[in-house]
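Structural overview
Read off the chains here:
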Amino acid sequence: MYQRIAHIALVVDDYDEAIEFYTQKLEFQLLEDTKLSDEKRWVMVAPKGAKECCLLLAKAANEQQTSRIGNQTGGRVFLFLFTDDFWRDYEKLKNRDINFVRPPQNFEYGTVAVFEDLYGNLWDLIEPNKNNKGLMSHEMA
């Protein structure tokens, strides 16, 4: 059997501002932007070269959803962006005024720093160690 997570819904305040952030600041690709109704669009973005999973940018449709923008996980790191060159991407993001809330640290599994997206969701920027035998090693093989 083969299963995979295809999309992760990320609640946003505005489609266009979210598209601009993810495509300009993080250099993600806009995979799709389809109008479904006057209020709803199907918007998907992903890091360049990503093959398995993408973000579905979902505009908040009610007060409850609006209250979750920027804090879908209760303040925990929500998304994990793997890279093959931590320092290249860290410096690029800093130069684009991305707010890092935790500085770079080296751990047994790799180098990581935590940043916020435009709404305050927390992301790990991670370069896993090549010799890591743990849970992350299969991602960068």
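Anyway, here's the lowdown on the structure attached to this text. (Residues numbered from 1 in each chain as written. Predicted model: local features only at pLDDT ≥ 70, side-chain atom pairs only at ≥ 80, totals over all residues. Heavy atoms only, no water.)

Notes on the environment of Arg-4
Tracing the sequence through the fold places Arg-4 in the segment before β1 (7-12). Placed 122 residues apart in sequence, Arg-4 and Ile-126 show a C-alpha to C-alpha distance of 21 Å. Aside from chain neighbours lying at most four places away, what touches Arg-4 is Lys-51 and Glu-52. (Helix = DSSP H or I, 4+ residues; strand = E, 2+ residues; numbered from the N terminus. Contact = heavy atoms within 4.5 Å.)

Thoughts on the pattern of salt bridges
A side chain of one charge can pair with a side chain of the opposite charge if their charged atoms are brought near each other. Applying the stated criterion across every chain yields a total of 8 salt bridges. Measuring nitrogen to oxygen at the nearest pair gives 3.3 Å for the salt bridge that ties Glu-27 to Lys-92. Residue Glu-27 is found in the loop between α1 (15-25) and β2 (28-35), and its partner Lys-92 is found in helix α3 (residues 86-95); the two are separated by 65 residues along the sequence. For Glu-27, a relative accessible area of 27% gives the class partly exposed. Of the charged contacts, one joins Asp-89 and Lys-92 as a salt bridge, the two residues approaching to 3.6 Å between their closest N and O atoms. Highlighted residues: Asp-89 and Lys-92, both in helix α3, separated by 3 residues, approximately one helical turn. Residue Asp-89 is classed as buried on the basis of its relative accessible area, which comes to 12%. A cluster of three or more residues bridged by salt bridges with shared partners is formed by Glu-27, Asp-84, Arg-88, Asp-89, Lys-92 and Arg-96. (Salt bridge = Lys/Arg side-chain N within 4 Å of Asp/Glu carboxyl O. Buried < 20%, exposed > 50% of the residue type's maximum accessible area, 1.4 Å probe, protein only.)

Quick word on the side chain of Asp-89
At a separation of 2.4 Å, a polar atom in the side chain of Asp-89 contacts the side chain of Thr-83. When neighbours within four sequence positions are excluded, Asp-89 is seen to be in contact with Thr-83 and Leu-125. (Polar contact = N/O pair within 3.5 Å; in protein donor to acceptor, adjacent residues only side chain to side chain.)

Regarding α3
Restricting attention to buried positions, one finds in α3 the residues Phe-86, Asp-89, Tyr-90 and Leu-93. With its buried residues spanning 100° around the axis, α3 presents them on a single face. If you follow the buried residues of α3, they end up packed against α1, β6 (100-107), β7 (110-116) and β8 (122-128). Positioned one or two residues after α3, Asp-97 has a phi angle of 65°, which is positive. (Arc of directions from axis to C-beta.)

As for the sheet that holds β1
Taken in spatial order, the 4 strands of this open sheet run β1-β4-β3-β2, and their pairing is mixed. In this open sheet, the two strands that pair with only one neighbour each are β1 and β2. Pairwise comparison of adjacent strand axes, ignoring direction, gives a mean angle of 25° for this sheet. Relative to strand β4 (residues 54-59), β1 runs parallel, the two sharing 6 bridges. When the bridges of β4 are listed, Leu-10 appears paired with Leu-57. Most of the contacts of α1 go to β4, to which it runs at about 155°, and overall it touches β1, β2, β3 (41-47) and β4. (Pairing = 2+ DSSP bridges. Axes fitted to C-alpha atoms, helices over the stretch in contact; angles between N-to-C directions.)

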